[in-house]
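Understanding the architecture of this molecule
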Amino acid sequence: MKFKEFFFTKLFSLRNLFFLSNFIVLGLFLFLITKDYFREWKPYQKEYNRLDLQRVEKLIAQGGPETKEALQDELKRIKSRPLEIKQVIAADFARVDRCITCHSAYDSFMNPSLTSEFKDFPYAAPKNEVHEKHPPEKYGCTVCHEGQGLATSFVDAGHMPKSAEQGKEWKEKHQWEIVEYFEHPMNAGPMVYSSCSKCHQAHPNVPGMELIKNGKKLVFENGCVGCHQINGEGGTIAPDLALETAVKPLARIDFGPAVTQGLITKNERILENWIRLHFATSPAVITPGDPHGEMSSDRNNPQPVPPSPMPYFGFNKEETEALVAYVMSLKADTIPHKYHVSAPLEPEPQFANNIAHGRFIFQKYGCVSCHGKNADKGIPVYNKQGGHVPDLVKTLGTFTREELIKKIQTGVNPEEKEDPAGPAPAIYMPSFKDRIKGKDMDDLVSYLQSIAERIDTW
Ligand code: HEC
Ligand code: HEC
Ligand code: HEC
Ligand code: HEC
Ligand code: HEC
């Protein structure tokens, strides 16, 4: 018999193929059953049910016959509780959250008081005012915690560790790793408070929100709006912290220099850490630019790019966390208006005189960010002639009032380069013509003149 004939009539005859395919189908079927049986969430629900049963049986054993009578129904319910994927449809926020598939005791049907004596994470819902005030069957989980609501595995849900140690522990316990380019990782630990301002406006006195309030205060005091905008208000030198930064897609962030320098690991490449790096180290370290144009595509016409001009502020850990939470909290979300909780208006600040008011204006418009809190310490600027923003206390003595107003209104742009082949300086004196007017401008100038060193002696 020829090989070809043997092949088609004996070995792979229709009959044999039919046999074989039966085995394949059976195999797949068994595989799916086992896969379903070993779903990652099942052991959590089983364990929860076991503990719940134990709890009720203990109550029955301790109590009298009436207790037994009263708890019969509950006992029956626990025993017949199916293992199933559970979800909350938070229709108002366009979210479907399956987190309670594992976090069983977070469901107020399962656990009406939303507290639990079970010590075993993740079933225990800690007595937490915030969970009580926002019933999960209406709010779900991801509106505050973020993460991927539909996921039913630990990794896909987007859990984020609070620390590198916890990350290591999770790697062993849950094979945790970051989901590459996943846009909605969970807010790690206290970063959950960055979600509150989606509904709670102007940061009222709700627990945990001190963090956000402190961040807001730091942004004001350090004049970040001298360079950055926040929702369209502020300087145009740097990205809008609300409209750009807080919603920045991971694919648009260059983590390269930070990873190469060992500042973060590959498992830490999330937006939260990108923001944090801007305070933990000098921003020029993580955004070094290309000051000599070495990476330009056109060798003959190099286009040098200056390093990040953002100064290193030297914030401590607490201040850093507050700033990160605040910047994260600027993220817009489309939450229906009925969920917005407005805060009482903050009292207008009062000032002893127009010079004190002028100093406030100097802070409010972010002049402090480039000129220093007392206008006497200009920040360094790469490749700018002189290398620094001027010290206003030293230079303003020669200006008349009118000259000063004109300078602030028109700004200075572009800056002179120190090295003509280098990049244009990234920092320049912005124009404030449309922003500072009337009494604000008058008082600002009075303040500047009050601190300027006079050179009357010539
Ligand atoms: C597959 C089961 C599973 C799913 C689904 C799940 N979780 Fe978890 N979650 C866990 C386990 C297990 C832990 C405890 C991890 C540990 O510390 O070992 C945990 C821990 C947490 C923590 C505490 C983290 C910390 O810093 O200690 C939060 C917050 C959390 N989950 C929120 C959520 C949210 C929100 C969702 C839905 C998007 C979700 N989880 C979906 C199993 C799950
Ligand atoms: C209204 C906002 C909000 C909603 C909705 C919400 N949480 Fe929380 N959750 C919080 C806050 C705030 C904390 C306390 C965080 C802290 O202070 O460390 C917290 C803590 C937790 C913790 C413990 C974290 C830890 O580090 O120990 C877990 C687990 C958790 N939530 C899971 C859930 C699950 C599951 C849901 C949905 C059923 C949910 N949360 C819904 C705000 C919320
Ligand atoms: C999706 C919108 C939404 C989010 C997100 C949200 N809340 Fe609320 N919260 C509300 C609403 C609406 C109320 C008012 C409920 C009421 O009046 O009964 C409320 C009530 C509260 C209360 C009770 C206040 C009172 O006067 O009784 C506290 C405390 C609170 N929220 C804290 C927080 C914290 C902390 C966060 C962030 C972790 C948060 N909320 C996130 C909508 C939200
Ligand atoms: C002198 C100008 C200047 C000041 C002052 C300044 N920044 Fe920046 N900042 C920049 C520039 C320019 C960038 C973009 C280049 C980069 O990524 O470093 C930037 C980047 C950032 C980023 C990353 C933005 C993104 O979308 O990738 C954050 C977050 C940030 N700044 C926060 C702040 C905060 C908060 C303050 C105040 C404490 C501040 N900055 C003060 C100029 C400034
Ligand atoms: C983004 C950084 C930045 C911000 C914000 C900024 N300046 Fe300037 N400012 C500069 C630079 C750079 C110069 C130097 C321009 C030059 O080389 O002539 C300058 C120059 C000046 C001068 C002229 C000083 C001199 O010696 O010629 C005055 C006055 C001044 N700034 C006032 C202000 C005031 C008031 C504000 C806030 C309303 C402000 N600046 C905000 C960067 C800044």
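Residues numbered from 1 in each chain as written. Chains lettered and ligands numbered in written order. Predicted model: local features only at pLDDT ≥ 70, side-chain atom pairs only at ≥ 80, totals over all residues. Heavy atoms only, no water.

Before going further, it helps to spend a moment on the overall build of the protein. Counting its regular elements, the protein contains 18 helices and four strands. In terms of C-alpha radius of gyration, the protein reaches 31 Å, well past the compact-globule figure of 23 Å for 458 residues. Each principal axis of the C-alpha distribution contributes one length, and for the protein these read about 110 × 85 × 35 Å. Buried residues in the protein amount to 40% of all 458 residues. A fraction of 60% describes how many contacts in the protein between residues 6 or more apart in sequence connect residues 24 or more apart. When the accessible surface of the protein is totalled, it reaches about 27400 Å², and 58% of it is carbon and sulfur. In the protein, which carries 55 positive and 58 negative side-chain charges, the distance between the mean positions of the two groups comes to 6 Å. (Helix = DSSP H or I, 4+ residues; strand = E, 2+ residues; numbered from the N terminus. Rg over C-alpha atoms; globule rule 2.2 N^0.38 Å. Buried < 20%, exposed > 50% of the residue type's maximum accessible area, 1.4 Å probe, protein only. Contact = heavy atoms within 4.5 Å. Areas by Shrake-Rupley, 256 points an atom, 1.4 Å probe, with all protein chains shown as cover. Lys, Arg positive; Asp, Glu negative; His and termini not counted. Charge placed at Lys NZ, Arg CZ, Asp CG, Glu CD.)

Perfect tetrahedral coordination of a metal by four donors corresponds to 109.5 degrees between them, and perfect octahedral coordination by six donors corresponds to 90 or 180 degrees. The coordination sphere of the iron atom of ligand 5, as far as protein atoms go, consists of His371 (NE2) and Met429 (SD), spread over 2.1 Å. Around the iron atom of ligand 5, the six donor atoms sit at angles spanning 89 to 179°, and that spread fits a shape best called octahedral. Taken as a pair, histidine 371 in helix H15 (residues 367-371) and methionine 429 in the loop between helix H17 (401-410) and helix H18 (438-451) lie far apart in primary sequence, 58 residues in all. Take histidine 371: its relative accessible area is 10%, and that puts it in the buried class. (Donors = N, O, S within 2.8 Å, 3.2 Å for Na, K, Ca; no water. Tetrahedral: all angles 85-135°; square planar, octahedral: opposite > 155°, others 65-115°.)

What follows concerns a nonpolar patch on the surface. The grouping of Phe3, Phe6, Leu11, Phe12, Leu14, Leu17, Leu20, Ile24, Leu28, Phe31 and Leu32 at the surface amounts to a nonpolar patch, some 1100 Å² of accessible area in total. Elements represented by at least two residues in the nonpolar patch include exactly helix H1 (3-11) and helix H2 (14-37). Here the nonpolar patch gets seven residues from one element, more than from any other, and that element is H2. Examined against the element boundaries, phenylalanine 6 turns out to sit in helix H1. Under the relative-accessibility criterion, phenylalanine 6 is labelled partly exposed at 36%. (Patch = residues over 30% accessible without salt bridge, like charges linked within 9 Å, V, L, I, M, F, W, Y side chains within 5 Å. Salt bridge = Lys/Arg side-chain N within 4 Å of Asp/Glu carboxyl O.)

Before going further, it helps to examine the coordination of the iron atom of ligand 1. The protein atoms that coordinate the iron atom of ligand 1 are His103 (NE2) and His159 (NE2), at distances spanning 2.0 Å. For histidine 159, a relative accessible area of 15% puts it in the buried group.

By domain assignment, the protein separates into domain 1 (42-174), domain 2 (189-339) and domain 3 (354-451). The partner domain 2 presents 15 residues to the 17 residues of domain 1 that form the contact. Overall, the association of domain 1 and domain 2 removes approximately 1200 Å² of surface from exposure, summing both partners, and the carbon and sulfur fraction of that is 55%. Of all residues in domain 1, the largest losses of buried area upon contact with domain 2 belong to Asp92, Phe93 and Met160, amounting jointly to 34% of the total for that side. Run the count over domain 1 and domain 2 and you get four salt bridges. With a closest N to O distance of 3.0 Å, lysine 198 and glutamate 146 form a salt bridge. Where the side of domain 1 that touches domain 2 is concerned, the elements lending two or more residues are helix H5 (129-133), helix H6 (136-139), helix H7 (142-145) and helix H8 (164-174). A total of four residues in the side of domain 1 that touches domain 2 trace back to one element, the largest contributor, which is H7. (Domains from an automatic or database assignment. Buried area = accessible area lost by both parts, 1.4 Å probe.)

So, on to the site of ligand 5. Residues in close proximity to ligand 5 total 28 residues, the closest being Cys367, Cys370, His371, Thr395 and Met429. Here an oxygen atom of ligand 5 sits 3.0 Å away from a polar atom, N or O, in the side chain of lysine 384. With respect to ligand 5, the side chain of threonine 395 contributes an N or O atom lying 3.0 Å from an oxygen atom. Contributions of two or more residues to the shell around ligand 5 are made by H15, helix H16 (392-395), H17 and H18. It is H15 that provides the largest number of residues to the shell around ligand 5, a total of four residues. Here the shell around ligand 5 gathers at least three residues from each of two domains, domain 2 (189-339) and domain 3 (354-451). (Near = heavy atom within 4 Å. Polar contact = N/O pair within 3.5 Å; in protein donor to acceptor, adjacent residues only side chain to side chain.)

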